[in-house]
Amino acid sequence: MLKRLFFVAALAASAASAQERPVVATVNYPLAWMAERLGGGVIDVLFPVPDDVDPSFWRPGLSDIASIQQADVIALNGAGFAPWTARSSLPRSRIVDTSAGFSDAYIATESVTHSHGGDGEHSHEGIANYTWLDFAQAAQQAEALAAMMQRRIPELSDALADSLPAVRADLAALDTEARNAVARLKGQTILATHPRYQYFARAYGLDIVALEWDAGAMPSEAQWTELRERALATGATTLIWEAAPPDEALKTAKRMGLTSLVLRPLANRPLDGDFLAIMRKQIAEINDQL
């Protein structure tokens, strides 16, 4: 045990000595994007989750935790996102729960236990946590992050005075674009390949029924059967994919009478583009397809 503690302390000391610019650590990509925009290029943003891992269920190693502990600001999503943060020793004075301001508006979810590839078995029971898919809520999260950055990194005050209004304006525009794009879907039941869209549905007046499919994978015959039965039972003619599926999957869904829309939640960092650009492109494509 002593060796383990010494190892963590040594890693922390090493991280501290290497740190030259203020650091903001985040648990998901939307918060990383906000920090990058708010910081105006004078901070480092630490988001250590590998590209192929769901940040909701990532388990950091000792070196990851040591680096995060040394950050000037540690931005949590709240709503139960990234459970590891509740089990790790993080400095409370540096933590901001960015969704705490609307915690009374969290959405409770049903218990569903399953697994995704190497992420292991997990459950969606408790609270829906993709809060940023209500873009007005995302703006509140940016405001909470900005307030903590100003408190912990006072030299950012001038940069934040310029960057926060710009981030607010961009998210307000995105909110309006999303509302307009999906307006014609109101009053219909929509199917989604995964339970990610609770806040999106509430914000934009949609009825979304979720399946439990792996993102981007080709559905099995049993899953196609389930989809067909759900579509018949609900009258749904629209299917939201969490990630772009194989072309054959899109063709099969079309033969079933379903219009396919792709809406990546962007919990993890994309290979190209940024949160705002990709979301605006997705919303524009949805508008064009409906």
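Please refer to the structure higher up on the page.
Criteria and thresholds
- Residues numbered from 1 in each chain as written.
- Predicted model: local features only at pLDDT ≥ 70, side-chain atom pairs only at ≥ 80, totals over all residues.
- Heavy atoms only, no water.
- Buried < 20%, exposed > 50% of the residue type's maximum accessible area, 1.4 Å probe, protein only.
- Helix = DSSP H or I, 4+ residues; strand = E, 2+ residues; numbered from the N terminus.
- Pairing = 2+ DSSP bridges.
- Right-handed = clockwise from strand over helix to strand, strands pointing away.
- Phe/Tyr/Trp six-rings, centres within 6.5 Å; stacked < 30°, edge-to-face > 60°.
- Contact = heavy atoms within 4.5 Å.
- Core = buried A, V, L, I, M, F, W, Y, C linked by side-chain atoms within 4.5 Å.
- Salt bridge = Lys/Arg side-chain N within 4 Å of Asp/Glu carboxyl O.

Attention now goes to the pairing of strand 9 (residues 189–192). Side chains of strand 9 alternate between two faces, with Thr189 and Leu191 and Ile190 and Ala192 buried alike. In this structure, strand 9 lies alongside strand 10 (residues 207–210), joined through four bridges in parallel fashion. From the neighbouring strand, Thr189 faces strand 10, where its bridge partner is Asp207. You can see the chain leave strand 9, run along helix 7 (residues 198–203) and come back into strand 10, and the turn it takes is right-handed. Examined bridge by bridge, strand 9 and strand 11 (residues 238–241) share two bridges and lie parallel to one another. Looking at strand 11, one finds that Leu191 is bridged to Leu239.

With the rule as written, the count across this model stands at ten aromatic pairs. Seen from their ring centres, Trp58 and Trp84 are 6.1 Å apart, and the 85 degrees between their planes marks the pair as edge-to-face. With Trp58 in the loop between strand 2 (44–46) and helix 3 (62–69) and Trp84 in helix 4 (residues 84–87), the pair connects residues that are 26 residues apart, well separated along the chain. Comparing Trp58 with Trp84 shows no difference in burial state: the two are buried. The interplanar angle of 55 degrees and the centroid separation of 6.0 Å between the aromatic rings of Phe81 and Tyr130 together place this pair among those described as tilted. You can see Phe81 sitting in the loop between strand 3 (73–76) and helix 4 and its partner Tyr130 sitting in the loop between strand 8 (126–127) and helix 5 (135–152), a full 49 residues away along the chain. Side by side, Phe81 and Tyr130 carry an identical accessibility label, which is buried.

Taking every second residue as pointing to the same face, both faces of strand 1 (residues 23–26) are buried, with Val23 and Ala25 on one and Val24 and Thr26 on the other. After leaving strand 1, the chain enters helix 2 (residues 29–39) and then returns to the sheet as strand 2, a path that is right-handed. Here three bridges tie strand 1 to strand 3, and the two strands are oriented parallel to one another. What sits directly across from Val24, in strand 3, is Val73.

A few words on the side chain of Ser163. Position of Ser163 among the secondary structure elements: in helix 6 (residues 157–181). Here Ser163 is in contact with Arg37 and Leu38, once residues within four sequence places are set aside.

Let us now look at the environment of Phe47. By the secondary structure assignment, Phe47 is in the loop between strand 2 and helix 3. Here Phe47 falls in the buried class, since its relative accessible area comes to 11%. Distance in space between the C-alpha atoms of Phe47 and Ala32 is 6.6 Å, their sequence separation being 15 residues.

The nonpolar side chains of a soluble globular protein tend to be buried, and buried together. Counting 69 residues, the largest nonpolar core has Leu145, Met149, Phe200, Leu206, Ile208 and Phe275 as its most contacted members. Breaking this core down by element, the ones donating at least two residues are strand 1, helix 2, strand 3, helix 5, helix 6, strand 9, helix 7 and helix 10 (275–289). With eight residues, the top contributor of residues to this core is helix 5. Leave out the neighbours within four places in its chain, and Phe200 touches Leu133, Asp134, Phe135, Ala178, Val182, Leu206, Ile208, Leu263 and Ile283. In terms of nonpolar packing, the next biggest core, distinct from the first, is built from twelve residues, Leu191, Leu227, Ala249 and Leu258 among them.

On to the pattern of salt bridges, then. For the structure on display, the rule yields eleven salt bridges. The salt bridge involving Glu226 is made with Arg230; its shortest N-O contact spans 3.9 Å. You can see Glu226 and its partner Arg230 sitting in helix 8 (residues 221–234), four residues apart, about one turn around the helix. Overall, Glu226 belongs to the partly exposed group, its relative accessible area being 27%. One salt bridge connects Glu248 with Arg255, and the closest N-O pair in it is separated by 3.3 Å. What you see here is one network of salt bridges that share partners, running through Asp54, Arg196 and Glu242.

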